[in-house]
Each structure stands twice: as C-alpha cells, then as structure tokens.
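# Structure at a glance
These are the residues of each chain, in order.
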Amino acid sequence: MEDAGIYARESPYLERYVQVGVASGRVLHVSFPQQPEEGAEPDHEVLGRIVEYLDGVSEVSFEDVQVALTVPTDQRAVLETVRKLPYGESVTVAEIAAGTPEIDPDDEDDLILVRTALDENPAPLLIPDHRVRDGPSAAPPTVEQKLRSLEGL
C-alpha cells in the first residue's frame, strides 16, 4: 500500500464517493464527490476504516489517523478541539470555543473564527465537524445529515 495518492470508494449509505488524499502517510483531505478523481485507487487503510464507519459496523475511531492540517494556527487549535469529540456526542460552537485555548466563547470574533475553521475543515469525518450542531460542516449538507443520523445526533 502506497502512502501517497488519491483513494476513493463508493458509499451506498452516502450515495456518493468518499475520497481521501494522502501524502507522506498523512491525510491531506477528505471529500465526498459524486465521481472520484480519475486514477483514484480503491484501497487504503484509512479509507477502509471510513467505509467500516459508514457501514455502521462499530464506533470506529480515527484518533490515530495523522491529518496534515495546513490551516492558520488559530483554526488548527479549533480543529484539534473538534477532533477530540467522541462518537455520538454533539456540542455547540460556543462549547468548542470554550474548550479551545485562547478562544473566548463570549467574543463574537472568536465564534466567527470557530465557524470559519469548521467551514474550511480539510478532513470532515476525521475531524468530526458534523458533531457541532450549530456550526457549519465542510461536508456537503446531505453528507453532514447522514453522518449525524448514523451517530444518532
């Protein structure tokens, strides 16, 4: 198995593909296209775990998956907080702000920063922005709703 490339598999549950970009063993992005990129390979360990999660086989954890976060430092801190959200639990934007160092949940600019980080999340699902019930998700709305439904949120 290579540690760099584009990998994609069709998800009957999502009614679209799940596509993962990997470089140097780190996930660069997760997306949900109607059709995968040309040349995308179907086999990668992370993609296999995502498919298992989507099949509802078990509460799959992605904590050990390395994600390359190429976002501004303040957004990275927000996404690292979101990444710790457990399966089946949802929180608010204000709760994410309160749990992120140097972010003030009472400062509207900081709440905008949290929403921006969620919206620009390069790896939805691995960084489970669908668990933030009043924030945007980087996943398409139909995917976000199916992820929430899968976890009973």
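Below, the structure is looked at part by part. (Residues numbered from 1 in each chain as written. Predicted model: local features only at pLDDT ≥ 70, side-chain atom pairs only at ≥ 80, totals over all residues. Heavy atoms only, no water.)

## A word on the overall build of the protein chain
For the protein chain, the count of helices and strands is 5 helices and 3 strands. Starting at the N terminus, the α and β elements of the protein chain follow one another as β-β-β-α-α-α-α-α. Relative to its length of 153 residues, the protein chain is compact, with a C-alpha radius of gyration of 15 Å against a globular reference of 15 Å. Burial statistics for the protein chain: of 153 residues in total, 45% are counted as buried. Contacts in the protein chain between residues far apart in sequence, at least 24 positions, make up 49% of those at least 6 positions apart. (Helix = DSSP H or I, 4+ residues; strand = E, 2+ residues; numbered from the N terminus. Rg over C-alpha atoms; globule rule 2.2 N^0.38 Å. Buried < 20%, exposed > 50% of the residue type's maximum accessible area, 1.4 Å probe, protein only. Contact = heavy atoms within 4.5 Å.)

## Considering unusual backbone geometry
Leaving glycine aside, a negative phi is the common case for residues, and trans is the common case for peptide bonds. In this structure, Glu15 takes a positive phi of about 60° despite not being glycine. Structurally, Glu15 is set in the loop between strand 1 (5-11) and strand 2 (16-23). Look at Leu125: it is not a glycine, yet its phi comes out positive at around 90°. For Leu125, the location among the structural elements is in the loop between helix 4 (108-119) and helix 5 (141-150).

## A short note on the sheet that holds strand 1
Ordered by their spatial adjacency, 3 strands build an open sheet running 1-2-3, and the pairing between neighbours is antiparallel. The open sheet is flanked by strand 1 and strand 3 (26-31), the only strands paired with a single partner. In this sheet, adjacent strand axes meet at a mean angle of 20° when their direction is disregarded. In terms of strand pairing, strand 2 meets strand 3 through 5 bridges, oriented antiparallel. Bridge assignment links Ala23 to a residue of strand 3, and that residue is Arg26. Most of the contacts of helix 1 (residues 45-54) go to strand 1, to which it runs at about 20°, and overall it touches strand 1, strand 2 and strand 3. (Pairing = 2+ DSSP bridges. Axes fitted to C-alpha atoms, helices over the stretch in contact; angles between N-to-C directions.)

## So, the packing of aromatic side chains
Taken as a whole and judged by the stated rule, the model has 2 aromatic pairs. Aromatic side chains Tyr53 and Phe62 sit 5.9 Å apart centroid to centroid with 65° between the ring planes, which places their arrangement in the edge-to-face category. Look at Phe62 and you get buried, because its relative accessible area is 8%. Judged by centre distance (6.0 Å) and plane angle (85°), the rings of Tyr53 and Tyr87 are edge-to-face. With Tyr53 in helix 1 and Tyr87 in the loop between helix 2 (73-83) and helix 3 (93-99), this residue pair connects regions lying 34 residues apart in the sequence. Within the aromatic cluster, the residues linked to one another by ring pairs are Tyr53, Phe62 and Tyr87. Over the ring of Tyr13 we find Lys146, and its NZ or CZ is 5.7 Å from the ring centre. (Phe/Tyr/Trp six-rings, centres within 6.5 Å; stacked < 30°, edge-to-face > 60°. Lys NZ or Arg CZ within 6 Å of the ring centre and 35° of its normal.)

## Quick notes on the nonpolar core
Val27, Ile50 and Leu126 are the most contacted members of the largest nonpolar core, which totals 41 residues. Counting residues per element, the ones that place at least two in this core are strand 2, strand 3, helix 1, helix 2, helix 3, helix 4 and helix 5. Contact partners of Ile50, with chain neighbours within four places excluded, come to Val18, Val20, Phe62, Leu125 and Leu126. (Core = buried A, V, L, I, M, F, W, Y, C linked by side-chain atoms within 4.5 Å.)

## Looking at the side chain of Arg16
Turning to its location among the elements, Arg16 is positioned in strand 2. No salt bridge forms around the buried Arg16; measuring N to O, its nearest opposite-charge neighbour Glu15 is 7.5 Å away. Apart from the residues within four sequence positions on either side, Arg16 is in contact with Arg9, Glu10, Ser11, Phe32, Pro33, Gln34, Pro140, Thr142 and Val143. (Lys, Arg positive; Asp, Glu negative; His and termini not counted. Salt bridge = Lys/Arg side-chain N within 4 Å of Asp/Glu carboxyl O.)

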